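Descriptive structure summary
Okay, here's what each chain looks like letter by letter:
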Amino acid sequence: MADHQEASVTLPSEPASVPTARRYVAEVLTDWGLAEFSDQADAVRLIVSELATNAVLHTFGQSPTFTVDVRLERGEQLHVGVTDSHPRRPRRLPAAVQQDNGRGMVIIRSLAAESGGRLSVTPTADGGKTVGIVLPWKAAAPVGC
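Here the structure is a predicted model, which is why all the values come from computation and not from measurement. (Residues numbered from 1 in each chain as written. Predicted model: local features only at pLDDT ≥ 70, side-chain atom pairs only at ≥ 80, totals over all residues. Heavy atoms only, no water.)

**A few points about the pairing of strand β3 (residues 77–84)**
For a regular strand, side-chain orientation follows a simple rule: the groups alternate between the two sheet faces. Along β3, 7 of the 8 residues are buried, which leaves the element largely enclosed by surrounding structure. In this structure, β3 lies alongside strand β5 (residues 129–136), joined through 8 bridges in antiparallel fashion. Note on β5: the bridge partner recorded for Leu78 is Leu135. (Buried < 20%, exposed > 50% of the residue type's maximum accessible area, 1.4 Å probe, protein only. Helix = DSSP H or I, 4+ residues; strand = E, 2+ residues; numbered from the N terminus. Pairing = 2+ DSSP bridges.)

**Quick word on helix α1 (residues 17–31)**
At 3.6 residues per turn, the α-helix brings residues three or four places apart onto the same side. Helix length check: α1, at 15 residues, gives a terminal C-alpha distance of 21 Å against a target of 21 Å (1.5 Å per residue), a fit within 8%. Those residues of α1 that sit buried are Ser17, Val18, Ala21, Val25, Ala26, Val28 and Leu29. Tucked inside the fold, the buried residues of α1 contact β1 (4–12), α2 (39–57), β2 (65–73) and β3. (Expected span 1.5 Å × (residues − 1). Contact = heavy atoms within 4.5 Å.)

**Focus: the packing of α2 against helix α3 (residues 104–114)**
Put simply, α2 and α3 touch, their axes get as near as 9 Å, and they point 150° apart. Compared by their axis directions, α2 and α3 come out roughly antiparallel. Classified by chirality, the crossing of α3 by α2 is left-handed. Contacts between α2 and α3 involve Ala43, Leu46, Ile47, Glu50, Leu51 and Asn54 from the former and Gly104, Met105, Ile107, Ile108, Leu111 and Ala112 from the latter. A class-by-class count of the residues in the contact of α2 with α3 yields 9 nonpolar, 2 polar and 1 charged. (Axes fitted to C-alpha atoms, helices over the stretch in contact; angles between N-to-C directions. Parallel < 35°, antiparallel > 145°, perpendicular 65-115°, else oblique. Left-handed = near helix turned anticlockwise from the far one by under 90°. Nonpolar A, V, L, I, M, F, W, Y, C, P; charged D, E, K, R; others polar.)

Listed below in structure tokens is the structure:
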């Protein structure tokens, strides 16, 4: 395995791009040796879905595209980030608003922590942001039936 592997895709900021982003990342991780039905693969798919959904819903049309970057360093750390051009950082919505939405960042943070990873939000040079996770890489065995 190479010391550094990376892949990236830029998609339109529309709801149909969310499953495309999820499938893209799942295919990349499978190509890199992660078992398709492992706990880590499931967690990363959900995290990508939540990050992509946030990039579509919470940029209010001010980011025409979003980019999903996936990087594996030395077979030890997996980095997944979603970058959009909207400057507003993600935030937890008040409890009253959370009836139908507003749980995405909580889900992402919880899944990252459960996997021994962390969540970060980094501003970009053009005024946008990258919301990402770093997880220890686990070439996990498939979950049994």
